Amino acid sequence: MRKTIHAYIFTFPSIFLTLTLGVYPIFWALRYMFFDYQGFGEARFIGLENFARVGRDAQFWASVWNTFVYTGGKLILTLPMSLILAVILNRALRGRQLLRSVYFLPTIFSASVMSIVFYIVFNSYNGIINQFLMKMGLGSLDWLGAKYAMLTVILIAAWGAVGNYMLLFLAGLQNIPDDVYEAASLDGVNPVQRLWYITMPMLGPVMQMIIMLAITTSLKGYESIMVLTEGGPFGKTEVMFLYLYKLFFPLVSDSASVQNIGYGSAVGFTSALIVGLITFIYFKISKKLSNTY
Amino acid sequence: MLGSRVLSRSVLWAFLLITAFLMLFPILIAVLGSFKTNLEVTTGATLLPSSWQFQNYAHAWTKANFAQFTWNSIFTSVFVTLGTLLITAMAAYAVDRVDFKGKRFYIVLQSMTLFISIGAVVLKPQFDLMVALNLQTTLWGVIIILISAHATAFFMMIGFFKGIPRELDEAALIDGCNFYSIFWRIILPLLKPALGVVALFTFRGAWNEYILPLVFSMSRPDLQTLPVGLANLRYGFGAASENQYLLAGACISILPMLIVYILANRSFMQVNVGAVKG
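Note that the structure is a prediction, hence the values are computed from the model and not measured.

1. Observations regarding the overall build of chain B
Here comes step 1: Looking only at helices and strands, chain B features 15 helices and zero strands.
Here comes step 2: Here the C-alpha radius of gyration of chain B, 24 Å, is well above what a compact globule of 278 residues would show, namely 19 Å.
Here comes step 3: Dimensions of chain B, computed from the C-alpha atoms along their principal axes, are close to 70 × 70 × 35 Å.
Here comes step 4: For chain B, buried positions account for 43% of its 278 residues.
Here comes step 5: Long-range pairs, those at least 24 residues apart, make up 73% of the contacts in chain B with a sequence separation of at least 6.

As structure tokens, this is what we get:
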């Protein structure tokens, strides 16, 4: 009994902070999404009007589409690359510890700080890549222009993520017992067959979790885009959570946008629902896939 | 047979080395560019600076206010790390060692905060709460909010508790220790490796945090941390921006992380895997 009181005392700081700064804001949003509220003056109850507006908001649905493109592009680049690196670096190879450290290095830096560096690397007018291309006589590419901005943003996101997923794959690979591979090599299996028929299926549950993590992080990411392009040009790189951020905290450079808290809460709720729905669908599909093995 | 082997080895190494170069390239650009003149950054197209401009750092440090940003970053990250360590170690100790009513609820609550995310929406009520407590004029508002997001650290911590046998607690109890002195004298010293890993994870998160300090420094420029101060500089310089100072600033922000990484890269990698397994 005394021990129970001690336990409450020890968990109290954690519970208190989680409830006030983690749970309360969610209920706050659940309330304001039914209100018309611009951040000052009186909040006015308007029922489901905000949600009707979300349905009509072409800019929001464009940002949802951009989020899917961004997430898809990032996954297609990141996952195969990190799996290949993990498989190679899981074998006895001279210098593999050093290579792992190098590939993991980008993940320790701030995404926003690196975005500033990437701006200097990629900007169309005097960026480092374009300087190099011009010197080679290849002409320059408008990396941050309407046509290629999304691709550039995806490349940068992949740069920051590959090392992380490589490490997670490595942890999964280390759990596959060696004798499976030994038996396979006795049967004369080549490296490609080994990857496809042994490593991938045995990695199943770990893979399922890693892909899930990759999907949810990509759907929610916006920090680096905010610094690099602010969603531009012409909203080409505007992702869901960046659009949401701007409804609460209009950017300095964008004087046209205004704070809209009631509507923002409704957009936040819808976005969370979209992330939840995709996670759920992925979970169902991947479960079916991993059951077939 | 031997020929194809040599060939596949070379292809493998070419792939590994090109990938390594791509990973290091932006960091190389930042470090070398921070010693160049602006003209050289924007038109040079050479890797090494022709003459090393060490005064870029002096300029960034004093004129561009990086001394202030650095101090704010250190202050925030240190207190967020200390606070998170203390709170999660205490909570994990109680959850692992005592069967109290509401324990399941507590664990479900923590894991829910990991999965439910409504993005920037929460920043507004969080900020308003800090205004109500009059903490929006200092970095303590940022620090407290960052400490409140400690679910991952908690799950990492509790993973390590499984390695500390309960027999130790019981023996200490017989020797006259109580719940609190067991925590201070037995658990915490044994928890050192865990504290190190969780500290690394938390410090990295706080040091690299951008959005939260950005929101708090909108009306208080003196609260800008390194990522915020650096990102805001991109407005100040305009089209013909002074890239060399931006790069020097980026290096000031990168360097401490890089040093920690070189000294403890194995623990660093353990952090990431642990954070997910947690």
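2. A look at the overall build of chain A
Here comes step 1: Secondary structure assignment for chain A yields 13 helices and two strands.
Here comes step 2: Considering only C-alpha atoms, chain A reaches an extent of 75 × 75 × 40 Å along its principal axes.
Here comes step 3: Each of the 293 residues in chain A was classed as buried or not, and the buried ones make up 40%.

3. Let's talk about the interface of chain B and chain A
Here comes step 1: Contacts between chain B and chain A engage 70 residues on the former and 69 residues on the latter.
Here comes step 2: Looking at the side of chain B that touches chain A element by element, the count peaks at ten residues for helix α1 (residues 2-33) of chain B.
Here comes step 3: Along the lines of polarity and charge, the residues of the side of chain B that touches chain A split into 50 nonpolar, 16 polar and four charged.

4. Some words on the domain arrangement of chain B
Here comes step 1: The domain boundaries assigned to chain B delineate domain 1 (2-55) and domain 2 (64-236).
Here comes step 2: Distance from the C-alpha centre of domain 1 of chain B to the C-alpha centre of domain 2 of chain B: 37 Å.

5. As for unusual backbone geometry
Here comes step 1: Look at Phe234(A): it is not a glycine, yet its phi comes out positive at around 55°.
Here comes step 2: Tracing the chain through its elements places Phe234(A) in the loop between α11 (223-228) and α12 (240-248).
Here comes step 3: Of note in the backbone geometry, Asn134(B) takes a positive phi value of approximately 60° without being a glycine.
Here comes step 4: Within the element layout of this structure, Asn134(B) appears in the loop between α6 (123-132) and α7 (140-148).
Here comes step 5: Classification of Asn134(B) by C-beta neighbours within 10 Å gives exposed; the count is 10.

6. Overview of α6(B)
Here comes step 1: Along α6(B), the positions that sit buried rather than exposed are Lys124(B), Pro125(B), Gln126(B), Phe127(B) and Met130(B).
Here comes step 2: Immediately beyond the C-terminal end of α6(B), within one or two residues, lies Asn134(B), with a positive phi of roughly 60°.

7. Some thoughts on the packing of helix α8 (residues 178-186) of chain A against helix α9 (residues 191-202) of chain A
All names here are of chain A.
Here comes step 1: Direction vectors running N to C along α8 and α9 enclose 160°, while the axes themselves pass 11 Å from each other. Between α8 and α9, the interaxial angle falls into the category roughly antiparallel. Here the hand of the crossing between α8 and α9 comes out right-handed. Contacts between α8 and α9 pair Val180, Tyr181 and Ala184 from the former with Arg194, Ile198 and Met202 from the latter.

8. Describing the confidence of the model for chain A
Here comes step 1: Confidence in the prediction for chain A averages 89 pLDDT; 97% of positions are at 70 or higher.
Here comes step 2: The secondary structure element of chain A with the lowest average pLDDT is α8(A), at 80, and the one with the highest is helix α3 (residues 58-89) of chain A, at 95.

9. Here we look at the confidence of the model for chain B
Residues and elements named next belong to chain B.
Here comes step 1: Considering every residue of chain B, the mean pLDDT works out to 88; 94% of them sit at 70 or more.
Here comes step 2: Taken element by element, chain B is modelled with least confidence in helix α15 (residues 265-277), mean pLDDT 67, and with most confidence in α7, mean pLDDT 96.
Here comes step 3: Interface confidence for the predicted complex, expressed as ipTM, amounts to 0.90; the pTM equals 0.91.

10. Describing the nonpolar core
Here comes step 1: Among the nonpolar cores identified, the biggest contains 147 residues, and Val117(A), Met157(B) and Ala250(B) are the most heavily contacted of them.
Here comes step 2: Looking at this core, you find at least three residues from each of domain 1 (2-55) and domain 2 (64-236) of chain B.
Here comes step 3: Leave out the neighbours within four places in its chain, and Ala250(B) touches Val113(A), Ile116(A), Val117(A), Ala30(B) and Leu230(B).

11. A short note on the packing of helix α1 (residues 2-32) of chain A against helix α5 (residues 103-115) of chain B
Here comes step 1: Two elements in contact, α1(A) and α5(B), have axes separated by 11 Å at closest approach and are oriented at 45°. Regarding the angle of α1(A) to α5(B), the classification is oblique. For the pair α1(A) and α5(B), the sense of crossing is left-handed. Taking contact as the criterion, the partners of Thr11(A), Ile15(A), Thr18(A) and Gly22(A) in α1(A) are, on α5(B), Tyr106(B), Leu109(B), Gln110(B) and Thr113(B).
Here comes step 2: Looking at the contact of α1(A) with α5(B) residue by residue, the classes come out as three nonpolar, five polar and no charged.

12. Details of helix α11 (residues 192-208) of chain B
Here comes step 1: With 17 residues, α11(B) should reach 24 Å at 1.5 Å per residue; the first-to-last C-alpha distance of 24 Å fits that figure.
Here comes step 2: Taken as a whole, α11(B) has its buried residues at Ala194(B), Val197(B), Val198(B), Phe201(B), Thr202(B), Phe203(B), Arg204(B), Ala206(B), Trp207(B) and Asn208(B).

13. Some details on the environment of Leu133(A)
All names here are of chain A.
Here comes step 1: Topologically, leucine 133 is positioned in helix α6 (residues 128-135).
Here comes step 2: Classification of leucine 133 by C-beta neighbours within 10 Å gives partly exposed; the count is 15.
Here comes step 3: Once residues lying within four places of it in the same chain are set aside, the contact partners of leucine 133 are Leu138, Gly139, Ser140 and Leu141.

14. A few points about the environment of Ser50(B)
Here comes step 1: Tracing the chain through its elements places Ser50(B) in the loop between α2 (38-43) and α3 (55-62).
Here comes step 2: Sequence separation of Ser50(B) and Phe79(B) is 29 residues, and the distance between their C-alpha atoms is 42 Å.

Quick notes on the rules
Residues numbered from 1 in each chain as written. Chains lettered and ligands numbered in written order. Predicted model: local features only at pLDDT ≥ 70, side-chain atom pairs only at ≥ 80, totals over all residues. Helix = DSSP H or I, 4+ residues; strand = E, 2+ residues; numbered from the N terminus. Rg over C-alpha atoms; globule rule 2.2 N^0.38 Å. Buried ≥ 20, exposed ≤ 12 C-beta atoms within 10 Å, placed from the backbone. Contact = placed C-beta atoms within 7 Å. Nonpolar A, V, L, I, M, F, W, Y, C, P; charged D, E, K, R; others polar. Domains from an automatic or database assignment. Axes fitted to C-alpha atoms, helices over the stretch in contact; angles between N-to-C directions. Parallel < 35°, antiparallel > 145°, perpendicular 65-115°, else oblique. Left-handed = near helix turned anticlockwise from the far one by under 90°. pLDDT = per-residue confidence, 0-100. Core = buried A, V, L, I, M, F, W, Y, C linked by C-beta atoms within 7 Å. Expected span 1.5 Å × (residues − 1).

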